[in-house]
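Summary of the model geometry
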Amino acid sequence: MGFRRRLNPLSNLLILAYLVRFANHFSFAYGKSNGTQDSVTPINHDLYHTSGALLEEIESLVHRHPDKLSIEKISGKNKGYEAEMTVVTYCRNRKENDDRTKLRILLTFGQHARELITTELALRLLSILSEEEFLPSVDRSTLNRTLDRLVIKVVPVENLNGRKLVEDGELCERRNGRGVDLNRNWAVDWGKKEKDYDPYEENPGTGPFSEPETQIMRKLSVSFEPHIWVNVHSGMEALFMPYDHKNTTPEGIPSKIMKSMLEKLNHFHLKDHCLIGSGGGSVGYLAHGTATDYMYDIARVPMAYTFEIYGDLKASSRDCFKMFNPIDITSFNSVLNDWSAAFFQMFTIGVQQMNGLQPKAIGSSFDNWVSIDDYLNGYLMHRKSRYGKKMEVLDLGLQEIRTYFRLFLLSSVLLLFMFCSRISKSTRPIVSAMAL
Ligand SMILES: [Zn+2]
């Protein structure tokens, strides 16, 4: 069932308000000027790192914590265009990096170049994971029990080439270094264009995975096989689940579990500010060829999300830095604090499902929660049963056809018999009449 059908009138009003705000955002995203010469906010370098400084800081963090963190740089090339990506792996005991019994989480930040705040969140999460920073009101030993059970891969700046263009002054750039939108370059429904498609903002590339950045991310998902995927963006406040290319969420229990997690994060950490639902169904437009739809549909990641962590939808359409990133220290810190807490709760919920812990430990609304393994089995069973049902329908159809065919044969024989007997009766008078 779609997200909207279950909404009460108040929620509908909220959605409407969001859509009005989003229309403003969208007119910007599609390059339409609002006709006024508003001032453009520059990058606040007191708050934000350059991509170079951010990656350097992450590298030194890794070197300070070799027991927990490891780093690799992956590069790719396509038709003369090169991209390099830094991937940080966290495991509380690094020797257990490849332990397949642990929960695997893949997080990517900075897929869209102008969304600088997302990459700052990556650094904050890694700092907390390496125990150089702490979450307020979270008991470290409880947290460590969670962290013992998982492996996290973090891509802090997915779109480094695009990010450099932003740093060089193109504050509205969201695409990669050669003008392709990395969140339209994936294989699910690739290249489909809506009526309001903007070839500049949403350029999907020359084909699915034409961009080295997308190829690297895809390979990462294939080798790591994450249980949880989060693609972190900004531009609004939302917790999205599949699908982006249609306005529904997947059917069945797994989808309800995914949504239930989002509601928890929204309520306890994000002041219920976030829109929740399918990307396509909640923002009022469909997006084709997105990473999260691929992760869910093709890579079979059980929990695949897109988080939109901040948006100033009142900002002028030309004022991209302000629209996508908090510009003062108070909102900068509150975004990082709130979302860090939300991510760590997501880790905890993921691990609790994996352990098959009793739901009462985390609240009554989780009464239906099951372990990840049971959930996956259930998911597969669900899919099998769907096919099973189709087979039953087919069998029923064949049986009906057989019955109709028998009836048809029987009635044909009867008709033939009646026809023959009538001919034999009517033959004699004709003959006698001809005799007269
Ligand atoms: Zn984005």
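Use the structure listed above.
Values in this document were obtained by computation on a predicted structure and should not be read as measured data. (Residues numbered from 1 in each chain as written. Predicted model: local features only at pLDDT ≥ 70, side-chain atom pairs only at ≥ 80, totals over all residues. Heavy atoms only, no water.)

The tally for this structure, following the rule as stated, stands at one disulfide. Paired through a disulfide, Cys 172 and Cys 320 show a sulfur-sulfur distance of 1.9 Å. Between Cys 172 and Cys 320, the S-S torsion sits near 95°, and that sign places the bridge as right-handed. Of this pair, Cys 172 sits in the loop between helix H5 (160-167) and helix H6 (212-224) while Cys 320 sits in helix H10 (residues 320-324), and the two are 148 residues apart along the sequence. (Disulfide = S-S within 2.5 Å. Helix = DSSP H or I, 4+ residues; strand = E, 2+ residues; numbered from the N terminus.)

Taken as a whole and judged by the stated rule, the model has 12 aromatic pairs. Seen from their ring centres, Phe 307 and Phe 343 are 5.4 Å apart, and the 65° between their planes marks the pair as edge-to-face. Taken together, the positions of Phe 307 in strand E8 (residues 303-310) and Phe 343 in helix H11 (residues 329-355) put the pair 36 residues apart, joining distant regions of the chain. Among the aromatic residues, those joined into a ring-pair cluster are Phe 109, Tyr 305, Phe 307, Trp 339, Phe 343, Phe 344 and Phe 347. Stacked on the ring of Phe 224, the Lys or Arg Lys 153 has its end atom at 5.3 Å from the ring centre. (Phe/Tyr/Trp six-rings, centres within 6.5 Å; stacked < 30°, edge-to-face > 60°. Lys NZ or Arg CZ within 6 Å of the ring centre and 35° of its normal.)

The protein atoms that coordinate the zinc ion are His 112 (ND1), Glu 115 (OE), Glu 115 (OE) and His 233 (ND1), at distances of 2.1 to 2.6 Å. Each of the four donor atoms bound to the zinc ion contributes to angles spanning 54 to 135°, and the resulting shape is irregular. As a motif over one chain, the donors of the zinc ion read H-x2-E-x117-H. Highlighted residues: Glu 115 in the loop between strand E3 (103-109) and helix H3 (116-129) and His 233 in strand E5 (residues 228-233), separated in sequence by 118 residues. Comparing Glu 115 with His 233 shows no difference in burial state: the two are buried. (Donors = N, O, S within 2.8 Å, 3.2 Å for Na, K, Ca; no water. Tetrahedral: all angles 85-135°; square planar, octahedral: opposite > 155°, others 65-115°. Buried < 20%, exposed > 50% of the residue type's maximum accessible area, 1.4 Å probe, protein only.)

Quick look at the pattern of salt bridges now. Counted according to the given criterion, the structure contains 22 salt bridges. Residue Arg 124 is joined to Glu 133 by a salt bridge in which the shortest nitrogen-to-oxygen separation is 3.2 Å. Where Glu 131 meets Arg 140, a salt bridge forms, and the shortest distance between an N and an O atom there is 3.7 Å. When its relative accessible area of 25% is taken as the criterion, Glu 131 is described as partly exposed. Arg 140 sits in the buried class, given a relative accessible area of 16%. Via salt bridges that share partners, Asp 67, Lys 68, Arg 92, Glu 131, Arg 140 and Asp 148 belong to a single interconnected network. (Salt bridge = Lys/Arg side-chain N within 4 Å of Asp/Glu carboxyl O.)

Once that is clear, we can look at the packing of helix H2 (residues 51-64) against H3. Packing of H2 against H3 leaves a shortest axis separation of 11 Å and a crossing angle of 10°. Considering the angle they form, H2 stands roughly parallel to H3. Taken together, the residues of H3 that come into contact with H2 (itself represented by Leu 54, Glu 57, Ile 58 and Leu 61) are Thr 119, Glu 120, Leu 123, Leu 126 and Ser 127. Of the residues that constitute the contact of H2 with H3, the class distribution is five nonpolar, two polar and two charged. (Axes fitted to C-alpha atoms, helices over the stretch in contact; angles between N-to-C directions. Parallel < 35°, antiparallel > 145°, perpendicular 65-115°, else oblique. Contact = heavy atoms within 4.5 Å. Nonpolar A, V, L, I, M, F, W, Y, C, P; charged D, E, K, R; others polar.)

Read these as geometric descriptors, not functional statements.
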